[in-house]
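Residue-level structure breakdown
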Amino acid sequence: MSGMLLQNKNAVVYGGGGAIGGAVARAFARKGATVFLAGRTHARLDAVASEIAADGGAVETALVDVFDEAAVEDHAAAIAAKAGRIDIALNAVSVMHDQGTLLPEISLDEFLRPIDGFLRTLFITSKAVSRHMGGERGGVILTLSEPGAKLTIPGILGHGVSAAAKEAFSRLLAAELAPRNIRVVGIRPHAVVDAPSAGSYTADVFAPAAASGGQSVQEFLDGLAQGTLLKRLPTIDQIGETAAFLASDHAAAMTGTIVDLSAGTVTH
């Protein structure tokens, strides 16, 4: 079928029970991939898997703590042993972090939490899947960051540094893995307009900033949309569809770059 961009591909999605991870997993499955969902919450993984299966997709789930390097390595090896190899991987793991607290009030632990958390899981998962990719068939590792990587605004010290670090990691990893025919592409969405209603942890992340302005989270997101060129925010389905395209052979010339899905966020 013409729409089956990922036919015969094996894709693992870490954080596959989350809003973005689930959307990407559903898109991968719609495009023909066999999807392996990994995460720490059984009910959320099963909910995404049930949707994929009901739509005729091939999916498996596994409880995996992505902070446990040995567990991630064992899980990746088990997928490769069963499916033959891993073709695509995405780390959509969430790490709760602070946004809005300035330097005098933020603690060292709060500052470091997203930096250590996001980078630790990105390193662990990328290392594990890369062992089972490459060669003639190649492979694709997709990463996620945020506009904070480029913004110059107060109150996002830890968040902004972690976003910039994720993009640097993606770029440098692409250089290391290119000789093995493994592509690494980053995706930079802005705040995702329908993620909170889909159960994303970002509802809790944005709640303090929204409350400080006397707004609901949705009103806060509507305000963020006005800081984009298109005056709107991306949706989870748009992120999923873009990820599927980037993982496909149609994007085979792309690596070491960041795809901006922020609707043109105005940076300073």
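Residues numbered from 1 in each chain as written. Predicted model: local features only at pLDDT ≥ 70, side-chain atom pairs only at ≥ 80, totals over all residues. Heavy atoms only, no water.

Considering the overall build of the protein chain
As a reminder of what qualifies: Counting from the N terminus, the helices are DSSP H or I runs at least four residues long and the strands are E runs at least two residues long. We take the radius of gyration over the C-alpha atoms and set the globule estimate at 2.2 Å times the residue count to the 0.38 power. Throughout, exposure labels follow a simple rule: accessible area from a 1.4 Å probe, protein chains only, divided by the maximum for the residue type, with under 20% read as buried, over 50% as exposed, and the rest as partly exposed. Throughout, a contact is declared for two residues whenever any of their heavy atoms are within 4.5 Å. Using a 1.4 Å probe, the Shrake-Rupley method yields the accessible areas, and only the shown protein chains count as cover for residues.
For the protein chain, the helix and strand inventory stands at eight helices and seven strands. Compactness check: the protein chain gives a C-alpha radius of gyration of 18 Å against a globular reference of 18 Å for 268 residues, within 12% of the reference. Judged by the C-alpha coordinates and their principal axes, the protein chain covers about 50 × 35 × 35 Å. Here the protein chain holds 268 residues, and 50% of them are scored as buried. When contacts within the protein chain are restricted to residue pairs at least 6 apart in sequence, long-range pairs at least 24 apart make up 75% of them. Working note: accessible area of the protein chain is about 11,900 Å², and carbon and sulfur atoms make up 55% of it.

Overview of the pairing of strand E4 (residues 88–91)
Two faces, one strand: in a regular strand the side chains alternate between the faces of the sheet. Short version of the rule: Two strands qualify as a pair provided DSSP detects at least 2 bridges between them. Seen with its strands pointing away from the viewer, a crossover is right-handed if its path from the first strand over the helix to the second goes clockwise.
The side-chain alternation of E4 yields two buried faces, one formed by Ile88 and Leu90 and the other by Ala89 and Asn91. Sheet topology note: the strand E1 (residues 10–14)/E4 ladder contains four bridges and is parallel. Bridge pairing in E4 links Val12 to Ala89. Inspection of the sheet shows E4 paired to strand E5 (residues 139–144) by three bridges, in the parallel sense. Bridge assignment links Ile88 to a residue of E5, and that residue is Val140. In the classification by handedness, the crossover that spans E4, the intervening helix H4 (residues 108–130) and the parallel E5 is right-handed.

A short note on helix H7 (residues 217–225)
Note the cut-off: In this description, the arc belongs to the directions extending from the helix axis to the C-beta atoms.
Within the span of H7, buried status applies to Val217, Phe220, Leu221 and Ala225. Buried residues of H7, viewed axially, fall in a sector of 150°; they line one side. Those residues of H7 that are buried are in contact with helix H6 (202–212).

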